Amino acid sequence: MKESVITGPLELSVVIPAYNEERRLPAYLVEILAYLEVQPFSFEVIIVDDGSQDGTVEMVERFTAENSKVHLIRLPQNRGKGYAVKTGMLKACGKLRLFADADGATPITELAGLKKAIDAGADVAVASRALHDDSHIVQTKFHRKLMGNVFNFIVRTLTVKGINDTQCGFKLFTAEAANSAFPLQRIQDFGFDVEVLYICQKKGYRIVEVPVNWTDIPGTKVRLIRDSLRMFKDVVKIRFNDWRGIYQERSKEMWR
């Protein structure tokens, strides 16, 4: 990963998993950099390429050549979104660590609400499309909303308690929570969000949901039937892993 000169502790790391995102990622990267460059804290942006077969790597390399705060991690083959996020979160140096989906469905400006929750005492702040207020708009398709409602009911019943939306790809962790939970993560695909939040709850970290603006961006890789079944299997796997003692404390170097 390309190194940059940082004066003082690094405040924020933004981790973005990317698989064949040459079309959607550039606009979001521009948005992220424009927002963060005027903030009163230091930051880095880490793009984890998950074995893309399009021009994602070349596109990100153009950003890294122009901005020393943007870093690229290349995985030699596609390992899954969960593996890519885990890789980036454990390479990150920030005291706060955000992972954000490459499509930009959640505007980077929503970071302010999540950071406010952390400043108020939370260890993990989760962007939520399920919490509604007059100041936020969620634009999604019916089938995605239905899928999310059913899946989150299963999640709340079997694993993560009290969280209405575990799947929004915009979550902020303290470095302590990230370094404690992500080394224990085993699920490499879409169900990793639930696993990481489940681990955080087991360890007693405070998780807060924050309502956000969210827009369904064309080009999603989520498929209603296929991925609903896969995520349900992941929920069952989480309970089985817990029964086996997989989520006991281990050192950061033990992850793989």
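Structure first, text after, so check above.
The structure reproduced in this document is the subject of the present report. Not measured: the values here are computed from a predicted model. Within any chain, residue numbers begin from 1 and follow the written order of that chain's sequence. Whole-chain, interface and lining totals are the exception, using all residues; otherwise, since this is a predicted model, local features are given only for residues with pLDDT of at least 70 and side-chain atom pairs are given and counted only at 80 or more. To get the side-chain values, take all heavy atoms of the structure and skip hydrogens and water.

1. Some words on empty space enclosed by the protein
Here a cavity denotes a set of grid points, spaced 1 Å apart and computed over the protein atoms alone, in which a 1.4 Å probe fits but from which it cannot get out, and a pocket denotes an open set meeting protein on both sides within 12 Å along at least five of seven lines; residues with an atom within 4 Å of a point are reported as lining. Grid points are joined across faces, edges and corners, and a volume is the space filled by probe spheres set on the points. Applying the stated criterion to the full structure yields 1 cavity of 30 Å³ or more. Roughly 40 Å³ of volume is contained in the largest cavity. Glu11, Leu12, Phe41, Leu96, Leu111 and Lys115 are the residues that line the largest cavity. Note on residue categories: nonpolar means Ala, Val, Leu, Ile, Met, Phe, Trp, Tyr, Cys or Pro, charged means Asp, Glu, Lys or Arg, and polar means any other residue, Gly included. In terms of residue class, the lining of the largest cavity is made up of 4 nonpolar, no polar and 2 charged.

2. Concerning the pairing of strand β4 (residues 96-100)
Only protein chains enter the accessibility calculation, which uses a 1.4 Å probe. A residue is then buried if its area is under 20% of the maximum for its type, exposed if over 50%, and partly exposed in between. A run of H or I in DSSP counts as a helix once it spans at least four residues, and a run of E counts as a strand once it spans at least two, with each numbered from the N terminus. In terms of burial, β4 is largely enclosed, as 5 of its 5 residues are buried. On β4, burial covers both faces: Leu96, Leu98 and Ala100 on one face and Arg97 and Phe99 on the other are all buried. If DSSP finds at least two bridges between two strands, the strands pair. Relative to β4, strand β1 (residues 12-18) is paired through 4 bridges, and the arrangement is parallel. The residue bridging Val14 from the neighbouring strand is Leu98, located in β4. Here β4 pairs with strand β7 (residues 170-174) via 5 bridges, running antiparallel. Across the sheet, Arg97 pairs through a bridge with Phe173, a residue of β7.

3. Focus on the side chain of Asp242
Topologically, Asp242 is positioned in helix α8 (residues 224-243). Given the relative accessible area of 19%, Asp242 is considered buried. Any two residues whose heavy atoms approach within 4.5 Å are treated as being in contact. Apart from residues lying up to four places away in sequence, Asp242 is in contact with Tyr198, Lys202 and Tyr247.

4. Structural notes on the pairing of β7
Where burial is concerned, most of β7 is hidden: 5 out of the 5 residues are buried. Residues of β7 alternate between two faces, with Phe170, Leu172 and Thr174 on one and Lys171 and Phe173 on the opposite face, all of them buried. As paired elements, strand β5 (residues 124-128) and β7 share 3 bridges and run antiparallel to each other. Note that in β7 the partner of Val124 across the bridge is Phe173.

5. Here's the deal with the side chain of Gln167
Locating Gln167 in the fold gives a position in the loop between α5 (142-158) and β7. We classify Gln167 as buried; its relative accessible area is 17%.

6. Some remarks on unusual backbone geometry
The backbone of Asn20 sits at a positive phi, close to 55°, despite the residue not being glycine. Looking at where Asn20 falls in the secondary structure, it is placed in the loop between β1 and α1 (25-36).

7. Comments concerning the packing of aromatic side chains
What counts as a ring pair is set by centres within 6.5 Å for rings of Phe, Tyr and Trp (its six-membered ring), and what kind of pair is set by the plane angle: stacked under 30 degrees, edge-to-face over 60, tilted for all other angles. Inspection of the entire model under this criterion finds 4 aromatic pairs. Where Phe99 meets Phe192, the ring centres are 5.5 Å apart and the plane angle is 45°; that geometry is what we call tilted. A residue pair is termed long-range when its members are at least 10 positions apart, and Phe99 in strand β4 and Phe192 in helix α7 (residues 192-202) qualify at 93 residues. Across this residue pair, the class does not change: Phe99 and Phe192 are buried. Plain terms: the ring middles of Phe173 and Phe182 are 5.2 Å apart, the flat faces sit at 70° to each other, and that makes the pair edge-to-face. When its relative accessible area of 0% is taken as the criterion, Phe173 is described as buried. We count a charge as sitting over a ring when the NZ of a lysine or the CZ of an arginine lies within 6 Å of the ring centre and within 35 degrees of the ring normal. For the cation-ring pair, Arg129 lies above Trp214, with the distance from its terminal atom to the ring centre recorded as 5.0 Å.

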